[in-house]
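Breakdown of the fold
Here's the letter readout for the chains.
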Amino acid sequence: MTRRGSLLRGPTRRAFLAAGTAALATPMLSRRAFAAPTELTMLAWYGHAEPDIVAEFEAEHNVRFVPKYYTGGDNMLGLISQSPPGTFDVILSDAEYVQALNAAGHLEELDPDDYPLDEFFPEFQEFPGNWADGKLFSIITRFGFLGVAYNTDALTEAEASTYNVFWDPKLKGKVGHFDWHLPNLGQMSLLNGNSSPYDIDESAWQAVKEKTMSLRPQVGGFFDYGGTFSSLNDGQMLAFCGIGDWITGVLEKNGAKVRSVVPEEGGLQWSECFSIGKGSQKADLARKWIQYITSARGQAKSAQMAAYPALIPNRKGWEVLWAENPEEARRQGMTDEPGNVIDMIRSGRIKYRQWPVQQDLETWNDFWSEYKGA
Amino acid sequence: MRRPISLYGLTFSLPLLVWQILFFVFPLVFLVALSFWTVRNFTLQPDFDTVNWTTMYGRTIFWQAYGTTLALAAAAAVLTSVLAFPAAYAIAFRLSDAARRWAVFLMVIPFFTSYLVRVYSWQIFLSDNGIFNVILGWAGFGPFTMLNTVGATMVGYLTLSFPLVVLLQLFSLAFVDRTLIEAAHNMRCGRLRTVAEVIIPSARTGLVIAALFCFILSFGDFVSPIYLGGGSPTTLSILITDTTKAGQQWPRAAVIALTMIGTLLLVAFSAVKFAYRGVLR
């Protein structure tokens, strides 16, 4: 006992403490020698903070992205409203949710001069939703079209070029829905001839509901992100409502016989925008990231994102993509040839996906639940 | 006779009590409170409003989903019990001690892999171009639609609960008094009649508890109805996710969750009462 006591009180303890202090200080010394990367938090859909997109920026700026991935805008709003201000430095959001984020005070104002907006196609320089009262809060970074996704063995492109194909008797039980009311009901509204598919009065809304209900016997299932991939990939579903190239593009690149087409009734556009989170302590670095990803170089990377491909709003980005990967540029329609995706937008065939204007979001969602249960 | 509370007894019972309060009672109380909150502009606001209850209970889809979920879980409990019983019976009465240990081990193995992975792998078997349809195709049949059906959901429920039900049934069969079976045989009672009139009544408690576990697991399951049933028909677990998908309606989801908890408590108490009827007298 005495011996143990003397051991603890004697010089050995001092030596132990010295060694301990040295050991604890070592990481600090090495940190000084090789500055540890700064962590930048990103709230985004899966894929945006993966190495294929961020590795170059991380190396250039000695940054490490810490992503928090979400599925769906509501999930994103939930995460951000439950976190203290400054939790997320960079926020990626679907365009229709930017206004809700802004209204709740979650976004920092951006200076338009900081970003290469003059390189963007004119349609995207003052993109609705990015601006509020003449102030910029968000910048569109990528977008895509939603139309008819189809199995190329089962349908020809001509057959799939109308939403009416979903009612084709040979597709009974083979039509899948991406399980989210907004894109599906928007497409039904387009089919009903509503030029502003989300801004419809009560009678048009009733007509959309009736049209949608008539499709129910054709439907084989309602799928989330993973289920949509697998059911298209294994041919379980032969046509899909509510999605586009962001899903079929990935499958197509991996050899699956699926494609998406914007039908004659028109398509919807989803748009992803980057913002800086309110209260971010690293707003400068966040700004640099948005500058990078909206630059021609970053845009070409974004277009080819491994998780899901997309169209890009930066005209010079199209040139870089063409130089790097002409095949992908052609596949997605980002070329100088007539009929490219910008021509498609300019011809009025594409409408923004947005929240319903004359009904509550809840009204649409409740109907969607009823439709599923019918 | 009532025993005085001792420090020894408390040492063993307190952790359980603390655990229950922290992870069951407290979240449940919170869930009840949440069901009276309101949502404004995607933000939850503490409130005392019955709107969530009246809205959910006033919707046809809610009662439709409730009926579907109840029927599916009850069917799963019956089907699993019926299919598991011969397996449990054989393991309990027909196998040698060594073989029985192996059988128990084999029943535990499925728990080593994630349930989600097992359900996903069923898609490879059940899809139109899947293994079953290819085999049936060789024999000149099909293809049959198996995936995205109620039958496929049932396969998922079986995957979830079959091994557990076999184990629970096995433990109760193992404790059946063998002398009763011998007595039945001595009195010229046939094999099937012995099972029906001696073994099943003797093992009733375990059999009912096993079926109850299957019911509980299936009632709350989200994975099988989505990935094997294709999300149709809507079950309560699917309705919960639907409800939270637009406008952050967690309070309405809480109403569904509380109704599910209430139903499970009711079913569990009734089942336990039936299982132990006459046993504790």
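Model, not experiment: these values are computed from the prediction.

A closer look at the overall build of chain A
If you tally the helices and strands in chain A, you get 16 helices and twelve strands. A fraction of 73% describes how many contacts in chain A between residues 6 or more apart in sequence connect residues 24 or more apart.

What to know about the overall build of chain B
Of regular secondary structure, chain B possesses 13 helices and two strands. Taking the principal axes of the C-alpha coordinates as reference, chain B spans close to 75 × 75 × 30 Å. Burial statistics for chain B: of 281 residues in total, 35% are counted as buried. A sequence separation of at least 24 residues applies to 72% of the contacts in chain B between residues at least 6 apart.

Comments concerning the packing of helix 5 (residues 115-126) of chain B against helix 7 (residues 150-174) of chain B
Residue and element names in this part refer to chain B. At a closest axis distance of 10 Å, the pairing of helix 5 and helix 7 adopts a crossing angle of 140°. Classified by the angle between their axes, helix 5 and helix 7 sit oblique to one another. Note that helix 5 runs across helix 7; the crossing there is right-handed. Two secondary-structure elements touch here, helix 5 through Y115, R118, V119, W122 and L126 and helix 7 through A152, V155, G156, T159 and L160.

Here we look at the pairing of strand 6 (residues 139-151) of chain A
All names here are of chain A. Extensive coverage of strand 6 is indicated by the burial of 13 of its 13 residues. Here strand 6 runs beside strand 11 (residues 267-276); their pairing, made up of seven bridges, is antiparallel. Bridge assignment links R142 to a residue of strand 11, and that residue is E272. Here strand 6 runs beside strand 9 (residues 239-244); their pairing, made up of four bridges, is antiparallel. Residue pairing across strands places L146 opposite G244, the latter belonging to strand 9. Relative to strand 10 (residues 258-261), strand 6 is paired through four bridges, and the arrangement is antiparallel. Looking at the pairing, N151 lines up with V258 of strand 10.

Considerations on the interface of chain A and chain B
Contacts between the two partners involve 29 residues from chain A and, on the opposite side, 27 residues from chain B. Those elements giving two or more residues to the side of chain A that touches chain B turn out to be helix 4 (73-81), helix 5 (95-103), strand 8 (219-223), helix 9 (225-233) and helix 16 (361-373) of chain A. The element best represented in the side of chain A that touches chain B is helix 16 of chain A, accounting for seven residues. Partitioned by chemical class, the residues of the side of chain A that touches chain B number eight nonpolar, 14 polar and seven charged.

Notes on helix 3 (residues 51-61) of chain A
Residue and element names in this part refer to chain A. When helix 3 is considered as a whole, its buried residues turn out to be I53, V54 and F57. All buried residues of helix 3 project into a common sector of 60° when viewed along the axis, lining one side. Structural note: helix 3 exposes P51, A55 and A59 on the side pointing more than 90 degrees away from its buried face. Looking at the residues trailing helix 3, positive phi occurs at N62, about 50°.

Observations regarding the nonpolar core
Residues and elements named next belong to chain A. Among the nonpolar cores identified, the biggest contains 99 residues, and M42, V90, A149 and A239 are the most heavily contacted of them. Each of domain 1 (38-137 + 270-345) and domain 2 (145-266 + 352-373) accounts for three or more of the residues forming this core. Look past the residues within four positions of A149 in its chain and what remains in contact with it is L232, A239, F240, I243, G244, I247, T248, V258 and S260.

So, unusual backbone geometry
Leaving glycine out, the prevailing phi sign among residues is negative, and the prevailing peptide bond configuration is trans. In this structure, the amide linkage connecting S232(B) to the following residue, P233(B), adopts the cis form with an omega of 0°. Within the element layout of this structure, P233(B) appears in the loop between helix 11 (223-227) and helix 12 (236-245). Its identity is not glycine, yet N62(A) carries a phi of approximately 50°, on the positive side. With respect to the helices, strands and loops of the structure, N62(A) is situated in the loop between helix 3 and strand 2 (63-70). Classification of N62(A) by C-beta neighbours within 10 Å gives exposed; the count is 12. Unlike most non-glycine residues, R188(B) shows phi in positive territory, near 65°. Relative to the helices and strands, R188(B) is located in the loop between helix 8 (178-186) and helix 9 (191-202). Using a count of 7 C-beta atoms within 10 Å as the deciding quantity, one classes R188(B) as exposed.

Describing the domain arrangement of chain A
Interface size is often expressed as the accessible area that is lost when the parts come together. Residue and element names in this part refer to chain A. Under the domain assignment used here, chain A contains domain 1 (38-137 + 270-345) and domain 2 (145-266 + 352-373). Here domain 1 and domain 2 have C-alpha centroids that lie 26 Å from each other. Counting residues at the interface gives nine residues for domain 1 and twelve residues for domain 2. For the side of domain 1 that touches domain 2, a count of residues per class yields six nonpolar, two polar and one charged.

Observations regarding the confidence of the model for chain B
For chain B, mean pLDDT is 91; residues scoring 70 or higher make up 97% of the total. The complex model carries a pTM of 0.81, and its ipTM stands at 0.75.

Comments concerning helix 10 (residues 245-253) of chain A
All names here are of chain A. Listing the buried residues of helix 10 in full gives D245, W246, I247, T248, G249 and L251. Each element contacted by the buried residues of helix 10 is listed here: strand 6, helix 9, strand 9, strand 10 and helix 14 (326-332). Once helix 10 ends, the next one or two residues include G255, with phi positive near 95°.

Here we look at the environment of N340(A)
Residue and element names in this part refer to chain A. Among the secondary structure elements, N340 is positioned in the loop between helix 14 and helix 15 (341-346). Residues N340 and W355 lie 15 residues apart in sequence; the distance between their C-alpha atoms is 27 Å. Beyond its immediate chain neighbours, meaning those up to four positions away, N340 contacts G333, M334 and T335.

So, the environment of T38(A)
All names here are of chain A. Mapping T38 onto the fold places it in strand 1 (residues 38-45). Take T38: there are 13 C-beta atoms within 10 Å of it, and that puts it in the partly exposed class. Measuring from C-alpha to C-alpha, the distance between T38 and V90 comes to 14 Å, with 52 residues separating the pair along the chain. With near-sequence residues (within four places) excluded, T38 lies in contact with N62, V63, K282 and L285.

A few points about the environment of V175(A)
Among the structural elements, V175(A) can be located in strand 7 (residues 175-178). Sequence-distant contacts of V175(A), defined by excluding residues within four places in its chain, comprise F166(A), Q218(A), V219(A), G220(A), M237(A), A239(A) and C241(A).

How each quantity is defined
Numbering of residues begins from 1 in every chain and follows the order in which that chain's sequence is written. The naming scheme follows written order: chains are lettered A onward, ligands numbered 1 onward. Given that this is a predicted model, residues contribute local features only at a pLDDT of at least 70 and side-chain atom pairs are listed and counted only at 80 or more, while totals for whole chains, interfaces and linings are drawn from all residues. To qualify as a helix, a DSSP run of H or I must reach at least 4 residues; to qualify as a strand, a run of E must reach at least 2; elements of each kind are numbered from the N terminus. The contact criterion used is a C-beta to C-beta distance within 7 Å, with each C-beta placed from the backbone. Exposure classification rests on a simple neighbour count of other C-beta atoms within 10 Å of a residue's own: a residue reaching 20 or more is buried, one at 12 or fewer is exposed, and one in between is partly exposed. C-beta atoms are placed from the backbone. The axes are straight lines fitted to the C-alpha atoms, using for helices just the contacting stretch, and the angles between their N-to-C directions are given from 0 to 180°. Between 65 and 115 degrees an angle is taken as roughly perpendicular, under 35 as roughly parallel, over 145 as roughly antiparallel, and anywhere else as oblique. Helix crossings fall into two classes, left-handed where the near helix is turned counterclockwise from the far one by less than a right angle and right-handed where it is turned clockwise. Being paired, for any two strands, means DSSP has found at least two bridges between them. Charged means Asp, Glu, Lys or Arg here, nonpolar means Ala, Val, Leu, Ile, Met, Phe, Trp, Tyr, Cys or Pro, and polar covers whatever is left, Gly included. It is the directions from the helix axis to the C-beta atoms whose arc is reported. Here, a nonpolar core means buried Ala, Val, Leu, Ile, Met, Phe, Trp, Tyr and Cys residues linked by C-beta atoms lying within 7 Å of one another. Note: domain ranges come from an automatic or database domain assignment. Scored from 0 to 100, pLDDT reflects the predictor's confidence in each residue.

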